[in-house]
Amino acid sequence: MNTFKTASLGFQHLLAMYTGAAIVPLIVGGAIGLGPTELAYLVAIDLFMCGVATLLQVWTTRFTGVGLPVVLGCTFTAVGPMIAIGSANGITAIYGALIASGIIVILISGFVGKLARFFPPVVLGSVVTIIGLSLIPVAINDIGGGMPGEPGFASMQNLGLGGFTILLILVLNRVGTVFTRAAAVLFAVLIGTGVAASLGLVDFSPVRESGWFQMVQPFYFGMPTFDVSAILVMTLVAIISMIESTGVFLALSDITKKPIGANELTKGYRAEGVATILGGIFNSFPYTTFSQNVGLVQLSGVKSRRVIFWTGGLLILLGFLPKVATFTTLIPKPVLGGAMLVMFGTVAASGIRILSQVDFSKNENLITIALSIGVGLGITANPAIVANMPEWLQLFTDSAIVAGSFTALALNGFFSMMDRFRPGTIIAEERQVS
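In this report, we go over the structure that sits alongside the text. (Residues numbered from 1 in each chain as written. Predicted model: local features only at pLDDT ≥ 70, side-chain atom pairs only at ≥ 80, totals over all residues. Heavy atoms only, no water.)

### Considering the overall build of the protein
The line we're drawing: For helices the rule is a DSSP run of H or I covering at least 4 residues; for strands it is a run of E covering at least 2, with both sets numbered from the N terminus onward. The globule rule used for comparison is 2.2 Å times the number of residues to the exponent 0.38, while the radius of gyration itself is calculated over C-alpha atoms. We call a residue buried when its accessible area falls under 20% of the maximum for its residue type, exposed when it is over 50%, and partly exposed in between, using a 1.4 Å probe and counting protein chains only. Here, two residues are considered to be in contact whenever any of their heavy atoms come within 4.5 Å of each other. Each accessible area is a Shrake-Rupley result for a 1.4 Å probe, and residues are judged covered by the shown protein chains and nothing else.
Secondary structure summary: the protein contains 20 helices and two strands in total. Relative to its length of 434 residues, the protein is compact, with a C-alpha radius of gyration of 22 Å against a globular reference of 22 Å. With respect to the three principal axes, the spread of C-alpha positions in the protein is 80 × 55 × 45 Å. Considering the protein as a whole, with its 434 residues, one finds that 53% of them fall into the buried category. Look at the contacts in the protein between residues 6 or more apart in sequence, and 83% of them connect residues 24 or more apart. When the accessible surface of the protein is split by element, carbon and sulfur atoms take 67% of a total near 18,700 Å².

### Notes on the nonpolar core
As a reminder, the rule being used: What we call a nonpolar core is a set of buried Ala, Val, Leu, Ile, Met, Phe, Trp, Tyr and Cys residues that are connected through their side-chain atoms within 4.5 Å.
The biggest cluster of nonpolar side chains holds 120 residues, and the ones touching the most others in it are Phe76, Met82 and Tyr287. When sequence neighbours within four positions are dropped, the list of residues in contact with Met82 reads Val24, Val28, Cys74, Ile94, Met234, Phe285 and Pro286.

### Here we look at the environment of Thr60
Tracing the chain through its elements places Thr60 in the loop between α2 (36-58) and β1 (72-74). Residues Thr60 and Gly268, spaced 208 residues apart in sequence, show a C-alpha to C-alpha distance of 9.0 Å. Beyond its immediate sequence surroundings of up to four residues, Thr60 is in contact with Gly65, Val66, Gly67, Lys267 and Arg305.

### Overview of empty space enclosed by the protein
Convention followed: With a 1 Å grid laid over protein atoms only, a set of points is called a cavity when a 1.4 Å probe fits there but cannot get out and a pocket when it is open yet has protein on both sides within 12 Å along at least five of seven lines; lining residues have an atom within 4 Å of a point. Grid points are joined across faces, edges and corners, and a volume is the space filled by probe spheres set on the points. The residue classification treats Ala, Val, Leu, Ile, Met, Phe, Trp, Tyr, Cys and Pro as nonpolar and Asp, Glu, Lys and Arg as charged. All others, Gly included, are polar.
Scanning all chains against the criterion turns up one cavity of 30 Å³ or more. In this structure, the largest cavity encloses a volume near 100 Å³. Along the wall of the largest cavity there are 14 residues; nearest its centre are Ala238, Ser241, Thr276, Pro286 and Tyr287. When residues of the lining of the largest cavity are traced back to their parent elements, those giving at least two are α4 (91-108), α11 (228-256) and α12 (262-281). Partitioned by chemical class, the residues of the lining of the largest cavity number eight nonpolar, five polar and one charged.

### Here we look at unusual backbone geometry
One non-glycine residue, Ala154, lies in the positive phi region at around 65°. By the element assignment, Ala154 lies in the loop between α6 (121-144) and α7 (156-175). One non-glycine residue, Phe219, lies in the positive phi region at around 55°. Mapped onto the fold, Phe219 is located in the loop between α10 (205-209) and α11. What makes Phe219 partly exposed here is its relative accessible area of 29%.

### Points about the packing of helix α1 (residues 3-31) against helix α14 (residues 305-319)
Definition in use: What counts as an axis is a line fitted to C-alpha atoms, over the stretch in contact for a helix, and the angles between N-to-C directions run from 0 to 180 degrees. Just so you know how the angles are binned, under 35 degrees is roughly parallel, over 145 roughly antiparallel, 65 to 115 roughly perpendicular, and the rest oblique. In this scheme the handedness of a crossing depends on how the near helix is turned from the far one: anticlockwise by less than a right angle means left-handed, clockwise means right-handed.
Between α1 and α14, the shortest axis-to-axis distance is 7 Å and the interhelical angle comes to 60°. Considering the angle they form, α1 stands oblique to α14. Relative to α14, α1 is oriented so that their crossing is right-handed. Every residue of α14 that contacts α1 at Thr3, Thr6, Ala7, Leu9, Gly10, Phe11, His13, Leu14, Met17 and Tyr18 is listed here: Arg306, Val307, Ile308, Trp310, Thr311, Leu314, Leu315 and Leu318. A breakdown of the residues in the contact of α1 with α14 according to their chemical character gives twelve nonpolar, five polar and one charged.

### Here's the deal with the packing of aromatic side chains
Condition: Within 6.5 Å between ring centres, the rings of Phe, Tyr and Trp (the latter by its six-membered ring) count as paired, and their orientation is classed by plane angle as stacked under 30 degrees, edge-to-face over 60, tilted in between.
Applying the stated rule across the entire model yields ten aromatic pairs. Ring geometry for Phe48 against Phe282: centres 6.3 Å apart, planes inclined by 55°, an arrangement best described as tilted. A residue pair is termed long-range when its members are at least 10 positions apart, and Phe48 in helix α2 and Phe282 in the loop between α12 and β2 (287-289) qualify at 234 residues. Among the aromatic residues, ring-to-ring pairing joins Tyr41, Tyr95, Tyr220 and Phe221 into one connected group.

Okay, structure coming up:
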């Protein structure tokens, strides 16, 4: 494979993951009140760190790297918790929690197989479903053009742009090529932004005024601060991300016909831990493997790691180009909302697919799913319900994702303990011992 073809395939992988990578800083930065300049930097550093995290996984060393053609981006699991932490304790608490949780990930990387038993399909499926469903209101608000009560909210113009973006994604997924299907969201966002610009809804002057080059800066938003509750929350997010990555690693192992064992998985987890620590230092995000790129590997049939090296290098290059990041911040909210609705809905659908493995004849599984999703969506619908709780406890309840996750974990642990101490179980164990 010549260099040009390899680079073009690497660029395809970049396009396939770009929107998913860029949406996270736009959501988090907007929610915690960052200005346009800070938001542009957040997008730029996120792209830079996506490249670094990708290279850490693809390039194998004795310590890190799963050695498979994986592309990394910020995990959607972290969006709600980061907003809750940033809103309660400031943005520096997010990065202190990232650094600490990254260190914890490295320390527990060899034991994740044992931790996975606490996240059976009934827990993992509930958590992933909550992640998708709890973020959908953010997408709906953006389709309307902001928040209810703002001028022009839910105007036909805004609803039309959001609906047009969704329609484009559907069409590209239905009639497009392998590449256009993988990058359907990005193409739809670009076309939607172009239509909005033709209607006079996009001001490109910030792009013209921004520079061509910038250096990444460690601790751009200030020195990290460390809060115990925030660290626990982000560690939970990291563990869930590691379990999700395990599925991606195993899927890619099967696609590429490259067997991986416990050692390769451990090095993959360590790479995510190192990437998360660097994310805390350079003020970006925690990173996980992107499943859309796995689909592109499978559909294209190109399984070379050289392609992903190009993807990582191009992402790092984009991190030094502020004009690209500034342009990303100009995407109209209705267009972005339409893309987010599809992406977050897909996350929820993935959770439902995991739940299809659950034995629904067991009443305890039904209760676990019902209560965890009920708690998560209940807090999403009425956040004031937890307003009077102690501040340290609100970090576990302000986020629907975290509250639902802890509910699922607690109920699964409770029912497992009850099963263990049933009289029949104890008698059977005694007989086995004797």
